Amino acid sequence: MAYAEVQLKNGIPCFSISEKEGARNGVPQISAVVLTDVSVKPAVKVWSFLLPGTATIPVHAKSCLLYGLAPATAEVKPPKAPPLKTGRMYDVFLNGGPADPSDPTRGYVGKFCLMTGISGERKILLIDSDSQAWIDEICPVQK
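These numbers come from a predicted model, not from an experiment.

### Some thoughts on the pairing of strand β3 (residues 29–37)
Phase 1 of the analysis: The buried fraction of β3 is high, at 7 of 9 residues.
Phase 2 of the analysis: Relative to strand β8 (residues 89–97), β3 is paired through 8 bridges, and the arrangement is antiparallel. The residue of β8 that forms the bridge with D37 is Y90.
Phase 3 of the analysis: Two strands pair when backbone bridges link them, and β3 and strand β4 (residues 44–50) are joined in this way by 6 bridges, in the antiparallel orientation. When the sheet's bridge partners are listed, L35 is paired in β4 with W47.

This is the structure:
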């Protein structure tokens, strides 16, 4: 596993790989994206898409896959992505890996919380993989 990046594009979460990962391995080919709410137990799948057969799409560090938007040929569940809630921790999994068959990376995972900024705008809080919040799957309280 490697780590996925999450950013906001026009207020909507968007998923990609890090520039460091792109420099190390080039452009990975992704066949599925799964977004799960891990702040509830058991975790609940919120939205996903799966490309048919061996189809894949490239994901560059400079581009991203927008939550709720899937390729036309993909199987999407549910077809209309539900709104994400602030204060919840979400786990995103990008299924796929680099073109180099010797690289064992078979997916990219990231955890994030949606927060509301002081002026009411949505913000992404990316959860660091070596933090207690990653382990506990609870959004840290904003100070």
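Text resumes after the structure shown.
### Quick notes on the state of the cysteines
Phase 1 of the analysis: Under the criterion given, the structure shown has 2 disulfides.
Phase 2 of the analysis: Here C14 is linked by a disulfide to C64, with a sulfur-sulfur distance of 1.9 Å. The sign of the S-S torsion, about 90°, decides the handedness of the disulfide formed by C14 and C64: right-handed. Placement of the pair is C14 in strand β2 (residues 12–17) and C64 in the loop between β5 (57–58) and β6 (65–66), with a sequence separation of 50 residues.
Phase 3 of the analysis: Covalently, C113 is tied to C139 through a disulfide, its sulfur atoms 2.0 Å apart. The S-S bond linking C113 to C139 shows a torsion near -105°; that makes this disulfide left-handed. With C113 in strand β9 (residues 107–116) and C139 in the segment after α2 (132–136), the pair connects residues that are 26 residues apart, well separated along the chain. Exposure class is identical for C113 and C139. Each is buried.

### With respect to the side chain of E137
Phase 1 of the analysis: Summarising the element assignment, E137 is placed in the segment after α2.
Phase 2 of the analysis: Of note is the side chain of E137, whose polar atom sits 2.8 Å from the side chain of K41.
Phase 3 of the analysis: If sequence neighbours within four positions are ignored, E137 has contacts with V38, S39, K41, M89 and K111.

### Section: the side chain of E21
Phase 1 of the analysis: Relative to the helices and strands, E21 is located in helix α1 (residues 19–25).
Phase 2 of the analysis: Residue E21 is classed as buried on the basis of its relative accessible area of 8%.
Phase 3 of the analysis: The contact partners of E21, leaving out residues within four places of it in the chain, are A2, G26, T105 and Y108.

### Details of the environment of K62
Phase 1 of the analysis: Mapped onto the fold, K62 is located in the loop between β5 and β6.
Phase 2 of the analysis: Residues K62 and K80 lie 18 residues apart in sequence; the distance between their C-alpha atoms is 26 Å.

### Comments concerning the pairing of β4
Phase 1 of the analysis: With antiparallel pairing between neighbouring strands as the criterion, β3 and β4 make up a hairpin whose turn holds 6 residues.
Phase 2 of the analysis: Both β4 and strand β7 (residues 75–77) contribute to a ladder of 3 bridges, which runs antiparallel. Directly across from F49, in β7, lies its bridge partner V76.

Rules used in this analysis
Residues numbered from 1 in each chain as written. Predicted model: local features only at pLDDT ≥ 70, side-chain atom pairs only at ≥ 80, totals over all residues. Heavy atoms only, no water. Buried < 20%, exposed > 50% of the residue type's maximum accessible area, 1.4 Å probe, protein only. Helix = DSSP H or I, 4+ residues; strand = E, 2+ residues; numbered from the N terminus. Pairing = 2+ DSSP bridges. Disulfide = S-S within 2.5 Å. Polar contact = N/O pair within 3.5 Å; in protein donor to acceptor, adjacent residues only side chain to side chain. Contact = heavy atoms within 4.5 Å.

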